[in-house]
Amino acid sequence: MKDRGIRKFLAVLAGLAVIYFGTTGRSPEEGRGLSGGLVVLALLASLLVWYLTRPGGDAAK
């Protein structure tokens, strides 16, 4: 159960990092809002981290 909490934390952290770096890299003329593509990219990053940090079958024993 502890692994699940760490996985959630890392997945949320990955999504927030994508949003943070995606919004700070814009020029002032473009605005500071979130685009739909950036939200989708953050969701995909979170899902990728969730998938990559899943517990292994034999390694956990």
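Residues numbered from 1 in each chain as written. Predicted model: local features only at pLDDT ≥ 70, side-chain atom pairs only at ≥ 80, totals over all residues. Heavy atoms only, no water.

Q: Can you tell me about the overall build of the chain, naming the residues and giving the values?
A: Helices and strands together make up the secondary structure of the chain, namely two helices and zero strands. Looking at the chain alone, contacts between residues at least 24 apart form 58% of all its contacts between residues at least 6 apart. (Helix = DSSP H or I, 4+ residues; strand = E, 2+ residues; numbered from the N terminus. Contact = heavy atoms within 4.5 Å.)

Q: Any details on the environment of Val-18? Residues and values, ideally.
A: Mapped onto the fold, Val-18 is located in helix α1 (residues 2-24). C-alpha of Val-18 to C-alpha of Ala-45: the two residues are 27 residues apart in sequence and 7.5 Å apart in space. In this view, Val-18 contacts Leu-38, Leu-41, Ala-42 and Ala-45; residues no more than four positions away in its chain are not counted.

Q: Could you give an account of the side chain of Thr-23, naming the residues involved and the relevant values?
A: Summarising the element assignment, Thr-23 is placed in helix α1. A distance of 3.1 Å separates a polar atom in the side chain of Thr-23 from the backbone oxygen of Tyr-20. (Polar contact = N/O pair within 3.5 Å; in protein donor to acceptor, adjacent residues only side chain to side chain.)

Q: So what's going on with the UniProt feature "transmembrane region" (unreviewed entry) in the chain? Residues and values would help.
A: According to UniProt, the positions carrying the feature "transmembrane region" (unreviewed entry) are residues 35-53. Within residues 35-53, the helical portion is 89% and the strand portion 0%, while the C-alpha atoms at the span's ends are 27 Å from each other. (UniProt positions renumbered as here; feature names shortened; annotations may be inferred.)

Q: An account of the environment of Ser-46 is needed here, citing residue identities and associated values.
A: For Ser-46, the location among the structural elements is in helix α2 (residues 36-52). For the pair formed by Ser-46 and Phe-9, sequence separation is 37 residues and the distance between their alpha carbons is 9.8 Å. When sequence neighbours within four positions are dropped, the list of residues in contact with Ser-46 reads Ala-11 and Gly-15.

Q: Please set out the environment of Ser-35 residue by residue, giving values where relevant.
A: Of note, Ser-35 is situated in the loop between α1 and α2. Sequence separation between Ser-35 and Ile-19 is 16 residues, and the spatial gap between their C-alpha atoms is 9.7 Å.

Q: Can you explain the packing of aromatic side chains? Please cite residues and give values.
A: In the structure shown here, the tally under the stated rule is one aromatic pair. Over the ring of Trp-50 we find Arg-7; its NZ or CZ atom is 3.8 Å from the centre of that ring. Geometry around Tyr-51 places Arg-54 over its ring, the cationic atom sitting 4.1 Å from the centre. (Phe/Tyr/Trp six-rings, centres within 6.5 Å; stacked < 30°, edge-to-face > 60°. Lys NZ or Arg CZ within 6 Å of the ring centre and 35° of its normal.)

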